[in-house]
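Single-letter residue listing:
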Amino acid sequence: MDTKYYWTDEANGVVTVGLTPDGQNELGNITFVSIPKVGTTLSANDTLLNVEADKAVSDIPTPVAGKVVAINEKATDDPSVLNGKDKSESWIAKIQK
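So, here is what we can say about the structure in this document. Computed from a prediction, not measured in an experiment: that's the story for all the values here.

Reading the values: the criteria
- Residues numbered from 1 in each chain as written.
- Predicted model: local features only at pLDDT ≥ 70, side-chain atom pairs only at ≥ 80, totals over all residues.
- Heavy atoms only, no water.
- Pairing = 2+ DSSP bridges.
- Helix = DSSP H or I, 4+ residues; strand = E, 2+ residues; numbered from the N terminus.
- Phe/Tyr/Trp six-rings, centres within 6.5 Å; stacked < 30°, edge-to-face > 60°.
- Lys NZ or Arg CZ within 6 Å of the ring centre and 35° of its normal.
- Contact = heavy atoms within 4.5 Å.
- Polar contact = N/O pair within 3.5 Å; in protein donor to acceptor, adjacent residues only side chain to side chain.

## Examining the sheet that holds strand 1 (residues 6-11)
For sheets, the rule is that strands pair by backbone hydrogen bonds, running either parallel or antiparallel.
Moving on, step 1. Taken together, the five strands give an open sheet; going across it, the order is 1-2-8-7-4, and neighbouring strands pair in antiparallel fashion. Each edge of the open sheet carries a strand with a single partner, namely strand 1 and strand 4 (41-42).

## Details of the packing of aromatic side chains
The geometry of an aromatic ring pair comes down to the distance between the two centres and the angle between the two planes.
Moving on, step 1. All told, the structure shown has zero aromatic pairs when counted by the stated rule.
Moving on, step 2. Directly above the ring of W7 sits K87, whose terminal nitrogen or CZ lies 4.7 Å from the centroid.
Moving on, step 3. Across the ring face of W91, the terminal group of K94 is positioned such that the distance to the ring centre comes to 4.7 Å.

## What about the environment of N50?
Moving on, step 1. Assignment of secondary structure puts N50 in strand 5 (residues 47-53).
Moving on, step 2. A sequence separation of 18 residues divides N50 from F32, and the C-alpha atoms of the two residues are 8.1 Å apart.
Moving on, step 3. When sequence neighbours within four positions are dropped, the list of residues in contact with N50 reads F32, V33, S34, S58 and D59.
Moving on, step 4. In terms of polar contacts, N50 uses its side chain to reach the side chain of D59, at 2.4 Å.

As structure tokens, then:
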């Protein structure tokens, strides 16, 4: 999956990452996710999201290197929230650059 399938919002050196509508469409309905734990340091091309969905099972690389400072706990309990259009609900992780 190409990084064009991520949206990113940066504020004060922290980047919030989520899936764009194109990314959501490519995956289909998301049924399982694995997100790195808070405190994990990600380098370029490290996996940010391991996802199982209707159309694909994928390890998706991070669009930004840094330290994971927050994850969307709702997504770990209910992966379908990542299919939503509301960025305040459908984000994956927040990464400190």
